[in-house]
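Close look at the chain arrangement
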Amino acid sequence: MMVLVIVLTMSVVAIGIMSFNVSQVTSSQSVVDSIKAEQLAIGAFYQYHQQVTETGNPTPGAPTQEILDGKAYTITVSNLGPSVVTPNSTSQIEVQVNF
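Residues numbered from 1 in each chain as written. Predicted model: local features only at pLDDT ≥ 70, side-chain atom pairs only at ≥ 80, totals over all residues. Heavy atoms only, no water.

All right, on to the environment of tyrosine 73 then. Mapped onto the secondary structure, tyrosine 73 falls in strand S2 (residues 71-82). For the pair formed by tyrosine 73 and alanine 37, sequence separation is 36 residues and the distance between their alpha carbons is 7.3 Å. Setting aside residues no more than four positions away along its own chain, tyrosine 73 makes contact with Asp33, Lys36, Ala37, Leu40, Thr64, Gln65, Glu66, Leu68, Val97, Asn98 and Phe99. There is a polar contact of 3.1 Å between the side chain of tyrosine 73 and the side chain of aspartate 33. (Helix = DSSP H or I, 4+ residues; strand = E, 2+ residues; numbered from the N terminus. Contact = heavy atoms within 4.5 Å. Polar contact = N/O pair within 3.5 Å; in protein donor to acceptor, adjacent residues only side chain to side chain.)

This is the structure we're talking about:
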């Protein structure tokens, strides 16, 4: 009887530890995906800025797609145009990364 109680208790503890580890891996992967998306957005912004500097063409291109570690990231750059909140009628540039 005592052995059965110990085995049952150990099973509950083992399941609890395993489920905690799985949730840690899931949350860690979401942080990694967010960091990748942020870096892709920064790169797309600077690439857009370089294009405008070289050609003077402020028209963003079509959405691009990057595949990192088997996950597809779609990057879209949008020129929202001049805004009331931006100084000197500068354009607002929006970079969106979906994964």
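Next up on the list: the packing of aromatic side chains. Under the defined criterion, the tally for this structure stands at two aromatic pairs. For the ring pair phenylalanine 45 and tyrosine 46, a centre distance of 5.3 Å and an interplane angle of 75° mean the geometry is edge-to-face. Judged by its relative accessible area of 32%, phenylalanine 45 falls in the partly exposed class. (Phe/Tyr/Trp six-rings, centres within 6.5 Å; stacked < 30°, edge-to-face > 60°. Buried < 20%, exposed > 50% of the residue type's maximum accessible area, 1.4 Å probe, protein only.)

Moving on to the side chain of aspartate 33. Relative to the elements of secondary structure, aspartate 33 occurs in helix H1 (residues 2-55). Judged by relative accessible area, aspartate 33 falls into the buried class, the value being 4%. The residues contacting aspartate 33, other than those within four sequence positions of it, are Lys71, Tyr73 and Phe99.

With the rule as written, the count across this model stands at two salt bridges. Two residues, aspartate 33 and lysine 71, come together in a salt bridge whose shortest N-O distance is 2.6 Å. Here lysine 71 lies in strand S2 and aspartate 33 lies in helix H1, a separation of 38 residues in the sequence. The class for lysine 71 is partly exposed, based on a relative accessible area of 29%. (Salt bridge = Lys/Arg side-chain N within 4 Å of Asp/Glu carboxyl O.)

All right, on to the nonpolar core then. If you look at the biggest cluster of nonpolar residues, it comprises nine residues: Ala37, Leu40, Ala41, Ala44, Tyr48, Tyr73, Ile75, Val77 and Val97. Counting only elements with at least two residues in this core, the list comes to H1 and S2. No other element matches H1, which puts five residues into this core. (Core = buried A, V, L, I, M, F, W, Y, C linked by side-chain atoms within 4.5 Å.)

Here lysine 36 lies in helix H1. Every residue in contact with lysine 36, bar those within four places of it in the chain, is listed here: Leu68, Asp69 and Tyr73.

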